[in-house]
Amino acid sequence: MGNKQISERINDRNSREHIRYRYSAKDWESEIKYYEREMLDSIMQKLFDKDIEFSEERQSEIELTMRELLINSVAACKERADLFIDLDVYYSDTELLMRVVDDGPGFNHREKIRERRETFKYMGIREFLEVLGTSHDYKNGVGLYCLIHYTKDFKFNEKGNEVTARFKF
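Everything quoted here is computed from the prediction, not taken from an experiment. (Residues numbered from 1 in each chain as written. Predicted model: local features only at pLDDT ≥ 70, side-chain atom pairs only at ≥ 80, totals over all residues. Heavy atoms only, no water.)

Novice: Outline the packing of helix H4 (residues 109-120) against helix H6 (residues 142-150), listing residues and values.
Specialist: How two helices sit against one another is set out by the angle between their axes and by the gap between those axes. For the pair H4 and H6, the least separation of the axes is 10 Å and the interaxial angle reads 65 degrees. Taken together, the axes of H4 and H6 are roughly perpendicular relative to one another. The hand of the H4/H6 crossing is right-handed. From H4, Lys112, Ile113, Arg116, Arg117 and Phe120 reach across to H6, where they touch Leu144, Tyr145, Ile148 and His149. Looking at side-chain class alone, the contact of H4 with H6 contains five nonpolar, one polar and three charged residues. (Axes fitted to C-alpha atoms, helices over the stretch in contact; angles between N-to-C directions. Helix = DSSP H or I, 4+ residues; strand = E, 2+ residues; numbered from the N terminus. Parallel < 35°, antiparallel > 145°, perpendicular 65-115°, else oblique. Left-handed = near helix turned anticlockwise from the far one by under 90°. Contact = heavy atoms within 4.5 Å. Nonpolar A, V, L, I, M, F, W, Y, C, P; charged D, E, K, R; others polar.)

Novice: How would you sum up the side chain of Arg166? Please name residues and give values.
Specialist: Take Arg166: it is sitting in strand E5 (residues 162-168). Residue Arg166 is classed as buried on the basis of its relative accessible area, which comes to 5%. (Buried < 20%, exposed > 50% of the residue type's maximum accessible area, 1.4 Å probe, protein only.)

Novice: Describe the environment of Tyr90, and please don't skip the residues or the numbers.
Specialist: With respect to the helices, strands and loops of the structure, Tyr90 is situated in strand E2 (residues 84-91). A relative accessible area of 2% means that Tyr90 is categorised as buried. The sequence separation of Tyr90 and Arg166 amounts to 76 residues, and the corresponding C-alpha distance is 9.4 Å. A distance of 3.4 Å separates polar atoms of two side chains, one belonging to Tyr90 and the other to His18. (Polar contact = N/O pair within 3.5 Å; in protein donor to acceptor, adjacent residues only side chain to side chain.)

Novice: Describe the pattern of salt bridges, listing the residues and the values that go with them.
Specialist: By the definition in use, this model includes 13 salt bridges. Ionic pairing is found between Arg20 and Asp86, a salt bridge with its closest N-O pair at 3.2 Å. Of the two residues, Arg20 sits in strand E1 (residues 17-24) while Asp86 sits in strand E2, which places them 66 residues apart along the sequence. Note on Asp86: relative accessible area 8%, which makes it buried. The salt bridge involving Glu61 is made with Arg58; its shortest N-O contact spans 2.7 Å. Remark: Arg58 and Glu61 occur in helix H3 (residues 56-77); sequence separation between them is three residues, near one turn of the helix. Comparing Glu61 with Arg58, the two get one shared label, buried. Salt bridges sharing common partners tie together Arg20, Arg22, Asp86, Asp88, Arg99 and Glu162. (Salt bridge = Lys/Arg side-chain N within 4 Å of Asp/Glu carboxyl O.)

Novice: Kindly report on the environment of Ile71, identifying the contributing residues and their values.
Specialist: As for its position among the elements, Ile71 is in helix H3. Along the sequence, Ile71 and Gly143 sit 72 residues apart, while their C-alpha atoms lie 8.7 Å from each other.

Novice: How would you sum up the packing of aromatic side chains? Please name residues and give values.
Specialist: One pass over the full model with this rule turns up four aromatic pairs. Aromatic ring contacts, followed pair by pair, group Phe107, Phe154 and Phe156 into a single cluster. (Phe/Tyr/Trp six-rings, centres within 6.5 Å; stacked < 30°, edge-to-face > 60°.)

Structure below.
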């Protein structure tokens, strides 16, 4: 799916429900575990309420991807209290779109994706985490691993401080 098609899906609000979260980077950093659990529970409850079915494994993939994208955004913005992070979730009966935007400097996503795609190609998450060891450095690539393996498709903006990911149920 091209960038235009993903953008059109986000803009198609008639067929989608929308959840939005916006916090300062400092708030995210200090309360990320609380916000993360609250958001995940809220999102999953809304999907459950609409009788949208997906496996526990799929739920875990969505949750891990969201968590990693938020951790990366916090890491990019944590030096300044005036920067914000937005999480938008759009969902329908068949898919979920997640958009994470931060006010940080961005990164060279094209280069990182090219580097990581070949590395991740045949690795399961357990193998990948074994290669990483116990490192939880935001530059370790877990977010990109999740995007490459768990989403139907994804796109970054030019600057690299906004990513939209599409999950199929």
